[in-house]
Amino acid sequence: QVQLVESGGGLVQPGGSLRLSCTASGSIYNIYNMGWYRQAPGKQRELVARITLGGSTNYADSVKGRFTISRDNAKNTMYLQMNSLKPEDTAVYYCNTDPPRVTTFRWGQGTQVTVSS
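Attention here is on the structure that accompanies the text. (Residues numbered from 1 in each chain as written. Predicted model: local features only at pLDDT ≥ 70, side-chain atom pairs only at ≥ 80, totals over all residues. Heavy atoms only, no water.)

## Quick notes on the overall build of the chain
The cut-off we apply is this: By definition, any uninterrupted DSSP run of H or I lasting at least four residues is a helix, any uninterrupted run of E lasting at least two residues is a strand, and each is numbered from the N terminus. Taken over C-alpha atoms, the radius of gyration is set against a globule rule of 2.2 Å times the number of residues to the power 0.38. When a residue's accessible area, from a 1.4 Å probe over protein chains only, is under 20% of the maximum for its type it is buried; when over 50% it is exposed; and in between it is partly exposed. In what follows, a contact means two residues having at least one pair of non-hydrogen atoms within 4.5 Å. In this description, accessible areas are obtained by the Shrake-Rupley approach with a 1.4 Å probe, and a residue is regarded as covered only by the protein chains that are shown.
Secondary structure summary: the chain contains zero helices and ten strands in total. Traced from its N-terminal end to its C-terminal end, the chain shows the element sequence β-β-β-β-β-β-β-β-β-β. Its C-alpha atoms give the chain a radius of gyration of 13 Å, within 12% of the compact-globule value 13 Å for 117 residues. Dimensions along the principal axes, computed over C-alpha positions, put the chain at roughly 40 × 25 × 20 Å. Across the 117 residues in the chain, those meeting the buried criterion constitute 42%. Contacts spanning at least 24 positions in sequence make up 55% of the contacts within the chain whose residues lie at least 6 apart. Accessible area for the chain stands at about 6,000 Å²; split by element, carbon and sulfur atoms hold 45% of it.

In structure tokens, the structure reads:
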């Protein structure tokens, strides 16, 4: 199994920014397409951003234009830059492959993002 550790969440005011990190226990970002997921209270987990091996990116309509996904293979780390945050962005954010490979890449604890004034 590969360990994925999310970090960088916190409390931020509407309109603010956060940068999330996802660090892997091995060199995986040159092997798998990856994504950032989130789960808000009472809602299903959803994919919000994805990045392919070739570097192409896609975003959910709800975050397009505000979030940017990237990765640094040398650091075994993927990032999610979140700008212009809205209260509806409040959720626990997770990283995994795209599509999720939950046997090899277990869902971690995620990192909490709270957008509130």
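Next comes the rest of the account.
## A short note on the side chain of E6
Stated formally: Only four residue types enter the tally: Lys and Arg on the positive side, Asp and Glu on the negative side, with His and both chain ends excluded. Take a side-chain nitrogen of Lys or Arg and a carboxyl oxygen of Asp or Glu: if they are within 4 Å of each other, that pair is a salt bridge. Distance and chemistry together define a polar contact, namely a pair of N or O atoms within 3.5 Å, with one atom able to donate a hydrogen and the other to accept it when in protein, and with adjacent residues in sequence counting only for side-chain atoms on both sides.
Within the secondary structure, E6 sits in strand β1 (residues 4-7). For the buried E6, no salt bridge is present, and the opposite-charge side chain at shortest range is R45, 7.4 Å distant. In terms of polar contacts, E6 uses its side chain to reach the backbone amide nitrogen of C95, at 3.0 Å. What E6 contacts, discounting residues up to four positions off in sequence, is S21, C22, W36, Y93, Y94, C95, G108, Q109, G110 and T111.

## Examining the nonpolar core
Threshold: Only buried Ala, Val, Leu, Ile, Met, Phe, Trp, Tyr and Cys residues count toward a nonpolar core, and they belong to the same one when joined by side-chain atoms within 4.5 Å.
Of all hydrophobic cores here, the largest spans 29 residues; its most connected members are L4, W36, M78, L80, M82 and Y93. Breaking this core down by element, the ones donating at least two residues are β3 (18-24), β4 (34-39), β5 (46-51), β7 (67-72), β8 (77-82), β9 (91-97) and β10 (111-115). Here this core gets four residues from one element, more than from any other, and that element is β3. With sequence-adjacent residues up to four places away left out, M78 is seen in contact with L20, S21, C22, Y29, M34, G35, W36, I51, I69, S70, R71 and C95.

## Considering the state of the cysteines
Definition in use: The disulfide definition used here is simple: a pair of cysteine sulfur atoms within 2.5 Å.
Summed over the entire model, instances satisfying the criterion amount to one disulfide. At a sulfur-sulfur separation of 1.9 Å, the disulfide partner of C22 is C95. Judged by the sign of its S-S torsion, about 70°, the cystine formed by C22 and C95 is right-handed. In this pair, C22 sits in strand β3 while C95 sits in strand β9, placing the two residues 73 residues apart along the sequence. Among the residues examined, C95 registers a relative accessible area of 0% and is labelled buried.

## Points about the pattern of salt bridges
According to the stated counting rule, one finds four salt bridges in the structure shown. Between E46 and R38 there is a salt bridge, with its nearest N and O atoms 3.0 Å apart. Residue E46 is classed as partly exposed on the basis of its relative accessible area, which comes to 34%. Close ionic contact of R50 with D98 constitutes a salt bridge, the shortest N to O distance being 3.7 Å. Taken together, the positions of R50 in strand β5 and D98 in the loop between β9 and β10 put the pair 48 residues apart, joining distant regions of the chain.

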